Each structure stands twice: as structure tokens, then as C-alpha cells.
Amino acid sequence: IVDGAIMSESTCEKPTGTIYLVWQGGEAADFEMKVEMKGEGAHINSGVQYRGAIQEPRPAVGRGGGRGPQGPCPSGQPRGTPPDQAGQAKWNMLGAQFDFDGQNHYSGQYYEQATGRGIIAWRGQVVQTLEGKPPRLLATLGDKDELGGLVKVDDWNQLHIIARGTTMTHIINGRVMSILIDDDPTKFRKTGLIGFEIEGTGRILDR
């Protein structure tokens, strides 16, 4: 805890991998939540996972594999190795995510982790999903980049999630960024865990 905020940090020397601080109060179905989030570092990736679950451990296939920066850290210290999948297993979530990242490419969009659907509603989109069909764009909320200008890089932002039935709304600093109407009964999760993600390098603060 730093100045009343939950702080998570991942560094080149001590990377966390992709993990989540999971709320232990049970599972949430229909709910509304506001949280303030601040990212420090252009390579930080975060967000709020909700209506999620802990993933089943999977074989380590195609992860790492020589990709990404090599050699020592900018500090001159050896580059650290993130925990393996077994070490991350109890913190590894799947499900809906309110995306938030340090470079503000994705903040506000609707993304799904480890479900096979990935990004469904980009910032500025209202999207509907139906069984056996590709996602359908219903409306636009504004220009993706103009909406991105409302996100405060390296400062506090209010993330507001409204999950009611199959409709999930993502709001940043009072402006609706994306909406998903998930009418695919084979994919929709009506209840699940809430968690705060840290991935990449940098610091994430939540309050």
C-alpha cells in the first residue's frame, strides 16, 4: 500500500509475468464499480478483470520463446525471468477485462483474456455478439483517438464498470468508451471473480 493505494510493480530485474490481485469477497454478477487507476511506465499493461475465473494450468507452448528484449536491463543488472505458469497458476485469470495500458492504445476497450475472443469492442464501439456469428458493430461512441485523449497518461483515471445482464459498459473519466452486448450464450459469463492485472514493466496503482 502506497499513500492509500494498492501498488503493484514489475521490473526488468524482477518481472511478475501476467498476474492478478484477486478480490476474495466472492463472485459478482450484476454490479457497478468505480476505481481510480494510475499507470507509471510506457510498457505497463493492466486493467480490471471481472466475471472471470482462475484458468486451468496449461502447457507452456509458444510463450517467451526468445521474443522480447534480450541482454541486461537498462540498469546493467541481469534481466529477470518471470515465474513459470505453475508459479502463476493461482493468480492467472480468464474472462472479461476493462483494458488499461501505459501507452493508451487500448484503455477503455472490452477485451477477453484466455477465452479465444480477444478484443471484441474497441474503444469507441458498441458491439453485439451472437452465437456462431462474428461480432456485430451496432454503433459508434466517438473517434477512438479522440476518446483516448480523455485518458490521463501517468496520472489518475476513474474506471467505471457497469455490468447489467448481458450488457457491459466501460467508462473512463465520465465518458463511455465501449459497450458490449454479449448475446452469445456459449461464451457469456453472468458471474465471476474480480481482479486487478499487472503485466509488462512499470507500476500500477489502484484506489
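Residues numbered from 1 in each chain as written. Predicted model: local features only at pLDDT ≥ 70, side-chain atom pairs only at ≥ 80, totals over all residues. Heavy atoms only, no water.

1. Section: the overall build of the chain
Working step 1: Scanning the chain for helices and strands turns up 2 helices and 14 strands.
Working step 2: A compact globule built from 207 residues should have a C-alpha radius of gyration of about 17 Å, and the chain, at 17 Å, falls within 12% of that.
Working step 3: Its C-alpha atoms put the chain at 50 × 35 × 35 Å along the principal axes.
Working step 4: Looking at the 207 residues of the chain, the share that counts as buried comes to 44%. (Helix = DSSP H or I, 4+ residues; strand = E, 2+ residues; numbered from the N terminus. Rg over C-alpha atoms; globule rule 2.2 N^0.38 Å. Buried < 20%, exposed > 50% of the residue type's maximum accessible area, 1.4 Å probe, protein only.)

2. Description of the packing of aromatic side chains
Working step 1: Tallied over the entire structure, the rule returns 2 aromatic pairs.
Working step 2: Cation over ring: R207 sits above W156, and NZ or CZ is 3.8 Å from the ring centre. (Phe/Tyr/Trp six-rings, centres within 6.5 Å; stacked < 30°, edge-to-face > 60°. Lys NZ or Arg CZ within 6 Å of the ring centre and 35° of its normal.)

3. Some thoughts on the state of the cysteines
Working step 1: This model, assessed by the stated rule, comprises 1 disulfide.
Working step 2: Between C12 and C73 runs a disulfide, and the two sulfur atoms are separated by 2.0 Å. Its S-S torsion of approximately -90° makes the covalent link between C12 and C73 left-handed. Here C73 lies in the loop between β4 (44–54) and α1 (85–88) and C12 lies in the loop between β1 (6–10) and β2 (19–22), a separation of 61 residues in the sequence. We note that C12, like C73, is buried. (Disulfide = S-S within 2.5 Å.)

4. Section: the nonpolar core
Working step 1: In terms of nonpolar packing, the biggest core is built from 28 residues, with F31, V48, Y50 and Y110 touching the most fellow members.
Working step 2: When contributions to this core are tallied by element, the ones reaching two or more residues are β3 (31–40), β4, β5 (93–101), β7 (118–121), β10 (157–164), β11 (167–172), β12 (175–183) and β13 (193–200).
Working step 3: Residues within four places of V48 in sequence aside, it is in contact with M33, V35, M37, A96, Q97, F98, L159, I161, I194, G195 and F196. (Core = buried A, V, L, I, M, F, W, Y, C linked by side-chain atoms within 4.5 Å. Contact = heavy atoms within 4.5 Å.)

5. Focus: the pattern of salt bridges
Working step 1: This model, assessed by the stated rule, comprises 7 salt bridges.
Working step 2: Taking the shortest distance from any N to any O, the salt bridge between R51 and D30 comes out at 3.0 Å. Of this pair, R51 sits in strand β4 while D30 sits in the loop between β2 and β3, and the two are 21 residues apart along the sequence.
Working step 3: In this structure R51 comes out as buried when scored by relative accessible area, which is 1%.
Working step 4: As a salt-bridge pair, E36 and R207 come within 2.5 Å of each other at their nearest N and O atoms. With E36 in strand β3 and R207 in the segment after β14 (202–206), this pair connects stretches of sequence that are 171 residues apart.
Working step 5: Looking at E36, the relative accessible area reads 30%, which means it is partly exposed.
Working step 6: Residue classification places R207 among the partly exposed residues on the basis of a relative accessible area of 44%. (Salt bridge = Lys/Arg side-chain N within 4 Å of Asp/Glu carboxyl O.)

These values are about where atoms sit, not about what they do.
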